Amino acid sequence: SNCRPNTRTTPHRRLSASLVEIGKSFRHADCSFLIETSFGIRRFRCHKLIFSCASEVFDRMLYGDYSEASSGEVRLDDVDPDIFERFRDYLYGYEYHKLQNYDFETLMKLCEFGNKYLVQSIEEDCVHELLSRKDTYGMTELLQLFQCAHRLNKQQMIEQVGWVLRCNFTSPLTQSGVYEFNPEVFKSYLEVIAGKMPESDRFCLLEMYLKHNGIYGIDGPAGEVSAEASPGGNSDVEQSAGDLASTNLPIPAAGAAAAPPAGSVYLTKEEEKSNYIADLVGLINFARFTPLEFHDGPGQSSFLSLAQKYEYMYKIARNGVAEYDLKVGLDTE
């Protein structure tokens, strides 16, 4: 009788195993990726066909009308050699389980490198693995993941990480990483934390973010922050570092506003800045301020016009009158 084994190796698994073996043995390697380090150049021997199948970018690079195609050498200056080694290892077999052994930082770098070179497979697998661990991350990792989700332009990822940020939000907010967000991410973050902290603190965070990144209001200076002002502030807001600390909000390093962090996206045109300020201010519910909170915060701010201040003061006063009338009505019943 013919005895058949209960299990057999599928063609897919055989192909995957063959690719892994080729990657390890460098057999028939026909190109090299060169990455310069402080110790010299690290050379990774690879196969054009494997990389060209991974993305259109590598396909054009290795088979198009470029010097890399004829020389067989590709120089990269935008990736750490250890990250590229893991990236190369992934392309030979597409083994997801290997990603499960990497830490948060490695997965983030692999994901962003894959995104840059349009290697959708590793990008999606890294996102899947990162999101599978989202409930174990601290606030620092969540903020990084939130920014990464925006860079990748993945709406579902933004919503998932935003939900975890809301659920894990603890006041006082002490993460200075929010000041390194680009404008789009900060606006999204400000929306995410709505209702999780007092509106007065949310406005304070808004104001400090703008000044930290060199964006000033109607009466703000065009140059550096005044030496007499608090970190991230100016002379229009007479608030010392001690006063800011009392709000339990993160305080940017002194002088940071004069030198915005590298690598972030900043607004350049005055019209863009004005529109962005208006968008952020529009996210604040000033009706929830007490008269004192408004006087000490937005009332002293250069990010609101005088007309806006009168309008919001009127709303606050009207709410106060309504609450008083309600209280009097209840007392007389």
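For the structure, check the block above.
First things first, this report covers the structure right here in the doc.

How each quantity is defined
- Residues numbered from 1 in each chain as written.
- Predicted model: local features only at pLDDT ≥ 70, side-chain atom pairs only at ≥ 80, totals over all residues.
- Heavy atoms only, no water.
- Buried < 20%, exposed > 50% of the residue type's maximum accessible area, 1.4 Å probe, protein only.
- Helix = DSSP H or I, 4+ residues; strand = E, 2+ residues; numbered from the N terminus.
- Polar contact = N/O pair within 3.5 Å; in protein donor to acceptor, adjacent residues only side chain to side chain.
- Contact = heavy atoms within 4.5 Å.
- Pairing = 2+ DSSP bridges.
- Axes fitted to C-alpha atoms, helices over the stretch in contact; angles between N-to-C directions.
- Salt bridge = Lys/Arg side-chain N within 4 Å of Asp/Glu carboxyl O.
- Phe/Tyr/Trp six-rings, centres within 6.5 Å; stacked < 30°, edge-to-face > 60°.
- Lys NZ or Arg CZ within 6 Å of the ring centre and 35° of its normal.

### As for helix H5 (residues 81-91)
Among the residues of H5, Pro-81, Ile-83, Phe-84, Phe-87, Arg-88, Tyr-90 and Leu-91 are the ones counted as buried. The N-cap residue of H5 is Asp-80: its side-chain oxygen and the backbone nitrogen of Asp-82 are 2.8 Å apart. Within two residues after H5, Gly-93 carries a phi angle of roughly 125°, on the positive side.

### Looking at the environment of Tyr-209
Among the secondary structure elements, Tyr-209 is positioned in helix H12 (residues 199-212). Between the C-alpha atoms of Tyr-209 and Ser-176, which are 33 residues apart in sequence, the distance is 9.8 Å. If sequence neighbours within four positions are ignored, Tyr-209 has contacts with Val-178, Tyr-179, Phe-181, Asn-182, Pro-183, Phe-186 and Tyr-276. Engagement of the side chain of Tyr-209 in a polar contact is seen with the backbone oxygen of Asn-182, the distance being 3.4 Å.

### Looking at the sheet that holds strand S3 (residues 73-76)
If you trace the three strands from one edge of the open sheet to the other, you get S2-S1-S3, paired in mixed fashion. Here the strands that pair on one side only, and so sit at the sheet edges, are strand S2 (40-46) and S3. Sheet twist, expressed as the average angle between the axes of neighbouring strands with direction ignored, equals 25°.

### Things to note about the pattern of salt bridges
With the rule as written, the count across this model stands at 17 salt bridges. The shortest N-O distance in the salt bridge between Glu-199 and Arg-202 comes to 2.9 Å. Taken together, the positions of Glu-199 and Arg-202, both in helix H12 and three residues apart, correspond to about one turn of that helix. No difference in accessibility class separates Glu-199 from Arg-202, as the two residues are buried. Salt-bridge contacts for Lys-315 lead to Glu-311; the nearest nitrogen and oxygen are separated by 3.5 Å. In this pair, Lys-315 and Glu-311 are both assigned in helix H16 (residues 306-332), four residues apart and thus about one turn of the helix distant. Among the residues examined, Lys-315 registers a relative accessible area of 30% and is labelled partly exposed. Its relative accessible area of 40% is what places Glu-311 among the partly exposed residues. Each of the salt bridges in this network shares a partner with another, and the network as a whole consists of Arg-42, Asp-82 and Glu-85.

### Remarks on the packing of aromatic side chains
Following the criterion strictly, the structure yields 24 aromatic pairs and no others. Both rings, one in Phe-51 and one in Phe-58, keep their centres 5.3 Å apart while their planes meet at 90°; by these two values the pair is edge-to-face. Since its relative accessible area comes to 0%, Phe-58 is described here as buried. Measuring from centroid to centroid gives 5.7 Å for Phe-181 and Tyr-189, while their planes differ by 70°, and the two rings are edge-to-face. An aromatic cluster is present here, built from Phe-33, Phe-44, Phe-51, Phe-58, Phe-84, Phe-87, Phe-113 and Tyr-117 joined pairwise through their rings. Residue placement shows Lys-48 over the ring face of Tyr-63; its charged tip is 5.9 Å from the ring centre.

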